[in-house]
Amino acid sequence: MGRVRPMSVTLRLVRPEDSGLRAQLMAHTLPPEQDFARPARDTLPLADADPGRTSVAILDGDLPVGMFQLDRGGFLPEITDRVEGTLLLRAFYVAPPFQGRGLATRAVAAVADFVRATFPDVDRVLLTVNHANPAAARCYLRGGFADTGQDYLVGRRGPQDVFALQL
Ligand SMILES: CC(C)(COP(=O)(O)OP(=O)(O)OC[C@H]1O[C@@H](n2cnc3c(N)ncnc32)[C@H](O)[C@@H]1OP(=O)(O)O)[C@@H](O)C(=O)NCCC(=O)NCCS
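Keep in mind the model is a prediction, meaning the values are calculated, not measured.

Considerations on the site of the ligand
Of all residues adjacent to the ligand, which total 22 residues, the nearest are Phe-92, Gly-100, Thr-105, Arg-138 and Arg-142. At 3.5 Å from an oxygen atom of the ligand is found a side-chain nitrogen or oxygen belonging to Gln-99. Here the shell around the ligand takes 7 residues from helix 6 (residues 134-142), the largest share from any one element. Along the lines of polarity and charge, the residues of the shell around the ligand split into 12 nonpolar, 7 polar and 3 charged.

Section: the side chain of His-28
Tracing the chain through its elements places His-28 in the loop between helix 1 (19-26) and helix 2 (40-48). A polar side-chain atom of His-28 sits 2.8 Å from a polar atom in the side chain of Tyr-93. Filtering out sequence-adjacent residues up to four positions away, His-28 remains in contact with Pro-39, Arg-41, Pro-64, Val-65, Gly-66, Tyr-93, Ala-95 and Phe-98.

Thoughts on the nonpolar core
Ile-58, Phe-68, Leu-70, Leu-89, Phe-92, Tyr-140 and Phe-145 are the most contacted members of the largest nonpolar core, which has 43 residues in total. In terms of residue count, the dominant contributor to this core is strand 4 (residues 86-94) (5 residues). Membership of the second largest hydrophobic core comes to 8 residues, among which are Leu-76, Ile-79, Leu-88 and Val-162.

Notes on the pairing of strand 4
Judged by how many residues are buried, strand 4 sits mostly within the fold: 9 of 9 residues are covered. Bridge count for strand 4 against strand 5 (residues 124-130) is 3 bridges, and the pairing is parallel. Bridge pairing in strand 5 places Leu-88 opposite Leu-126.

Here we look at the sheet that holds strand 5
With respect to topology, 7 strands assemble into an open sheet ordered 1-2-3-4-5-7-6, the strand pairing being mixed. Edge positions in the sheet fall to strand 1 (9-13) and strand 6 (146-152), since each of these pairs with one other strand and no more. This sheet shows a mean twist of 30 degrees between the axes of neighbouring strands, independent of strand direction. Packed onto the sheet, helix 1 meets strand 1, strand 2 (53-60), strand 3 (63-71) and strand 4 and runs at close to 95 degrees relative to strand 3. Each of strand 4, strand 5, strand 6 and strand 7 (160-166) touches helix 6; the most contacted strand, strand 5, lies at about 160 degrees to it.

Definitions and limits used
Residues numbered from 1 in each chain as written. Predicted model: local features only at pLDDT ≥ 70, side-chain atom pairs only at ≥ 80, totals over all residues. Heavy atoms only, no water. Near = heavy atom within 4 Å. Polar contact = N/O pair within 3.5 Å; in protein donor to acceptor, adjacent residues only side chain to side chain. Helix = DSSP H or I, 4+ residues; strand = E, 2+ residues; numbered from the N terminus. Nonpolar A, V, L, I, M, F, W, Y, C, P; charged D, E, K, R; others polar. Contact = heavy atoms within 4.5 Å. Core = buried A, V, L, I, M, F, W, Y, C linked by side-chain atoms within 4.5 Å. Buried < 20%, exposed > 50% of the residue type's maximum accessible area, 1.4 Å probe, protein only. Pairing = 2+ DSSP bridges. Axes fitted to C-alpha atoms, helices over the stretch in contact; angles between N-to-C directions.

As C-alpha coordinates, this is what we get:
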(Lines give C-alpha, C1' and ligand atoms only; values in the text may rest on other atoms or scores of the structure.)
Protein backbone atom coordinates (compact mmCIF):
# COMPACT_ATOMS: atom_id res chain seq x y z
CA MET A 1 0.00 0.00 0.00
CA GLY A 2 1.32 3.49 -0.90
CA ARG A 3 2.47 5.78 1.85
CA VAL A 4 0.97 9.27 1.97
CA ARG A 5 3.79 11.73 2.51
CA PRO A 6 2.94 14.93 4.40
CA MET A 7 3.85 17.93 2.26
CA SER A 8 5.72 20.81 3.76
CA VAL A 9 6.47 23.54 1.27
CA THR A 10 8.99 26.17 2.31
CA LEU A 11 10.61 29.10 0.53
CA ARG A 12 14.34 29.81 0.80
CA LEU A 13 16.52 32.63 -0.51
CA VAL A 14 19.09 31.34 -2.99
CA ARG A 15 22.46 32.81 -2.04
CA PRO A 16 25.70 32.73 -4.06
CA GLU A 17 27.27 30.30 -1.56
CA ASP A 18 24.38 27.79 -1.75
CA SER A 19 26.20 25.61 -4.27
CA GLY A 20 24.29 22.37 -3.60
CA LEU A 21 20.90 24.07 -3.82
CA ARG A 22 21.92 25.97 -6.92
CA ALA A 23 23.10 22.80 -8.70
CA GLN A 24 19.76 21.10 -8.02
CA LEU A 25 17.82 24.12 -9.29
CA MET A 26 20.02 24.38 -12.41
CA ALA A 27 19.07 20.79 -13.31
CA HIS A 28 15.38 21.71 -13.73
CA THR A 29 13.97 21.89 -17.25
CA LEU A 30 10.57 22.91 -18.65
CA PRO A 31 9.12 21.48 -21.89
CA PRO A 32 8.44 23.88 -24.79
CA GLU A 33 4.67 23.85 -24.18
CA GLN A 34 5.32 25.18 -20.65
CA ASP A 35 7.43 28.09 -21.84
CA PHE A 36 5.45 30.61 -19.77
CA ALA A 37 8.43 30.95 -17.42
CA ARG A 38 12.09 30.18 -17.82
CA PRO A 39 13.76 27.71 -15.44
CA ALA A 40 16.54 28.47 -12.97
CA ARG A 41 19.32 27.67 -15.44
CA ASP A 42 18.23 30.77 -17.42
CA THR A 43 17.12 33.08 -14.62
CA LEU A 44 19.60 32.43 -11.76
CA PRO A 45 22.43 34.11 -13.73
CA LEU A 46 20.17 37.11 -14.40
CA ALA A 47 19.53 37.59 -10.68
CA ASP A 48 23.22 37.05 -9.85
CA ALA A 49 24.01 40.03 -12.08
CA ASP A 50 21.21 42.25 -10.73
CA PRO A 51 21.11 43.35 -7.06
CA GLY A 52 17.41 44.23 -7.38
CA ARG A 53 16.44 40.68 -8.32
CA THR A 54 16.23 37.90 -5.72
CA SER A 55 15.90 34.16 -6.39
CA VAL A 56 13.69 32.10 -4.08
CA ALA A 57 13.74 28.29 -4.06
CA ILE A 58 10.55 26.29 -3.52
CA LEU A 59 11.34 23.29 -1.33
CA ASP A 60 9.20 20.21 -0.69
CA GLY A 61 10.82 19.05 2.53
CA ASP A 62 14.53 19.24 1.60
CA LEU A 63 13.96 18.85 -2.13
CA PRO A 64 14.12 21.89 -4.44
CA VAL A 65 11.08 21.53 -6.72
CA GLY A 66 10.94 24.97 -8.31
CA MET A 67 11.88 28.60 -8.06
CA PHE A 68 10.68 32.16 -8.57
CA GLN A 69 12.19 35.61 -8.43
CA LEU A 70 11.26 38.84 -6.67
CA ASP A 71 12.34 41.89 -8.63
CA ARG A 72 12.34 45.55 -7.61
CA GLY A 73 12.62 46.56 -11.28
CA GLY A 74 12.24 44.58 -14.46
CA PHE A 75 9.05 45.52 -16.30
CA LEU A 76 7.44 46.75 -13.05
CA PRO A 77 7.28 50.38 -14.26
CA GLU A 78 5.28 49.15 -17.26
CA ILE A 79 2.48 47.75 -15.06
CA THR A 80 2.33 50.23 -12.17
CA ASP A 81 2.87 53.89 -11.36
CA ARG A 82 3.97 52.92 -7.83
CA VAL A 83 7.22 50.96 -8.00
CA GLU A 84 8.20 51.93 -4.45
CA GLY A 85 7.08 49.34 -1.90
CA THR A 86 6.27 46.90 -4.72
CA LEU A 87 7.95 43.70 -5.89
CA LEU A 88 7.44 41.91 -9.19
CA LEU A 89 7.09 38.14 -8.81
CA ARG A 90 8.45 36.54 -11.98
CA ALA A 91 9.99 33.36 -13.41
CA PHE A 92 7.76 31.19 -11.22
CA TYR A 93 7.74 27.46 -11.92
CA VAL A 94 7.43 24.02 -10.40
CA ALA A 95 9.45 21.46 -12.38
CA PRO A 96 7.42 18.79 -14.26
CA PRO A 97 8.24 15.79 -12.01
CA PHE A 98 6.68 17.66 -9.08
CA GLN A 99 3.66 19.25 -10.78
CA GLY A 100 0.02 18.45 -10.06
CA ARG A 101 0.52 17.89 -6.33
CA GLY A 102 -0.49 21.29 -5.02
CA LEU A 103 3.10 22.45 -4.51
CA ALA A 104 2.78 25.65 -6.57
CA THR A 105 -0.42 26.64 -4.77
CA ARG A 106 1.26 26.11 -1.39
CA ALA A 107 4.34 28.02 -2.50
CA VAL A 108 2.20 30.99 -3.56
CA ALA A 109 0.36 30.86 -0.24
CA ALA A 110 3.73 31.21 1.53
CA VAL A 111 4.80 34.30 -0.45
CA ALA A 112 3.11 36.89 1.81
CA ASP A 113 4.88 35.77 5.00
CA PHE A 114 8.16 35.35 3.14
CA VAL A 115 8.04 38.87 1.71
CA ARG A 116 7.02 40.43 5.06
CA ALA A 117 10.00 38.74 6.75
CA THR A 118 12.52 39.47 3.99
CA PHE A 119 11.49 42.85 2.57
CA PRO A 120 10.05 44.95 5.45
CA ASP A 121 9.62 47.99 3.18
CA VAL A 122 7.36 46.13 0.72
CA ASP A 123 3.56 46.16 0.98
CA ARG A 124 2.58 44.75 -2.41
CA VAL A 125 3.58 42.02 -4.86
CA LEU A 126 2.53 42.15 -8.52
CA LEU A 127 2.80 39.50 -11.21
CA THR A 128 1.60 38.90 -14.74
CA VAL A 129 0.07 35.65 -15.94
CA ASN A 130 -0.60 34.70 -19.53
CA HIS A 131 -4.25 34.43 -20.62
CA ALA A 132 -3.35 30.97 -22.00
CA ASN A 133 -2.04 29.70 -18.64
CA PRO A 134 -5.13 28.95 -16.52
CA ALA A 135 -3.28 26.45 -14.27
CA ALA A 136 -0.87 29.16 -13.11
CA ALA A 137 -3.69 31.70 -12.69
CA ARG A 138 -5.52 29.21 -10.50
CA CYS A 139 -2.45 28.72 -8.27
CA TYR A 140 -2.00 32.46 -7.85
CA LEU A 141 -5.66 33.09 -7.05
CA ARG A 142 -5.85 30.20 -4.59
CA GLY A 143 -2.59 31.37 -3.01
CA GLY A 144 -4.00 34.82 -2.22
CA PHE A 145 -3.42 37.00 -5.29
CA ALA A 146 -6.29 38.99 -6.80
CA ASP A 147 -6.92 39.87 -10.44
CA THR A 148 -6.50 43.65 -10.81
CA GLY A 149 -8.50 43.61 -14.05
CA GLN A 150 -5.53 45.25 -15.78
CA ASP A 151 -4.05 43.70 -18.94
CA TYR A 152 -0.38 43.67 -19.88
CA LEU A 153 -0.14 43.12 -23.61
CA VAL A 154 3.61 42.80 -24.04
CA GLY A 155 4.23 39.21 -22.85
CA ARG A 156 6.60 36.89 -24.72
CA ARG A 157 3.65 34.54 -25.33
CA GLY A 158 0.76 36.96 -25.71
CA PRO A 159 -1.52 39.03 -23.45
CA GLN A 160 -1.32 38.68 -19.70
CA ASP A 161 -3.40 39.58 -16.66
CA VAL A 162 -1.90 41.60 -13.81
CA PHE A 163 -2.46 40.04 -10.37
CA ALA A 164 -1.71 41.69 -7.00
CA LEU A 165 -1.04 40.51 -3.47
CA GLN A 166 -1.59 43.22 -0.87
CA LEU A 167 0.44 42.64 2.32
C1 LIG B 1 1.76 26.42 -13.46
C2 LIG B 1 2.56 25.58 -12.46
C3 LIG B 1 3.41 26.51 -11.59
C4 LIG B 1 1.62 24.76 -11.60
O5 LIG B 1 2.36 24.01 -10.70
P6 LIG B 1 1.71 22.79 -9.88
O7 LIG B 1 2.56 22.49 -8.70
O8 LIG B 1 1.41 21.68 -10.80
O9 LIG B 1 0.33 23.46 -9.41
P10 LIG B 1 -0.72 22.92 -8.34
O11 LIG B 1 -0.64 21.44 -8.30
O12 LIG B 1 -0.52 23.68 -7.08
O13 LIG B 1 -2.12 23.43 -8.94
C14 LIG B 1 -2.40 23.42 -10.31
C15 LIG B 1 -3.87 23.80 -10.42
O16 LIG B 1 -4.16 24.12 -11.76
C17 LIG B 1 -5.21 23.30 -12.19
N18 LIG B 1 -5.05 23.10 -13.61
C19 LIG B 1 -4.16 22.33 -14.26
N20 LIG B 1 -4.34 22.47 -15.58
C21 LIG B 1 -5.37 23.35 -15.74
C22 LIG B 1 -6.03 23.89 -16.86
N23 LIG B 1 -5.66 23.58 -18.11
N24 LIG B 1 -7.04 24.78 -16.66
C25 LIG B 1 -7.41 25.14 -15.42
N26 LIG B 1 -6.81 24.65 -14.30
C27 LIG B 1 -5.81 23.76 -14.49
C28 LIG B 1 -5.08 22.04 -11.39
O29 LIG B 1 -6.29 21.30 -11.38
C30 LIG B 1 -4.76 22.63 -10.04
O31 LIG B 1 -5.91 23.19 -9.42
P32 LIG B 1 -6.66 22.38 -8.25
O33 LIG B 1 -5.69 22.24 -7.13
O34 LIG B 1 -7.81 23.26 -7.90
O35 LIG B 1 -7.04 21.06 -8.84
C36 LIG B 1 3.50 24.59 -13.23
O37 LIG B 1 2.71 23.82 -14.11
C38 LIG B 1 4.59 25.27 -14.01
O39 LIG B 1 5.64 25.60 -13.47
N40 LIG B 1 4.39 25.48 -15.34
C41 LIG B 1 5.40 26.00 -16.24
C42 LIG B 1 5.82 27.45 -15.92
C43 LIG B 1 4.64 28.37 -15.67
O44 LIG B 1 3.64 28.32 -16.35
N45 LIG B 1 4.84 29.26 -14.69
C46 LIG B 1 3.88 30.29 -14.36
C47 LIG B 1 4.23 31.54 -15.09
S48 LIG B 1 3.08 32.86 -14.74
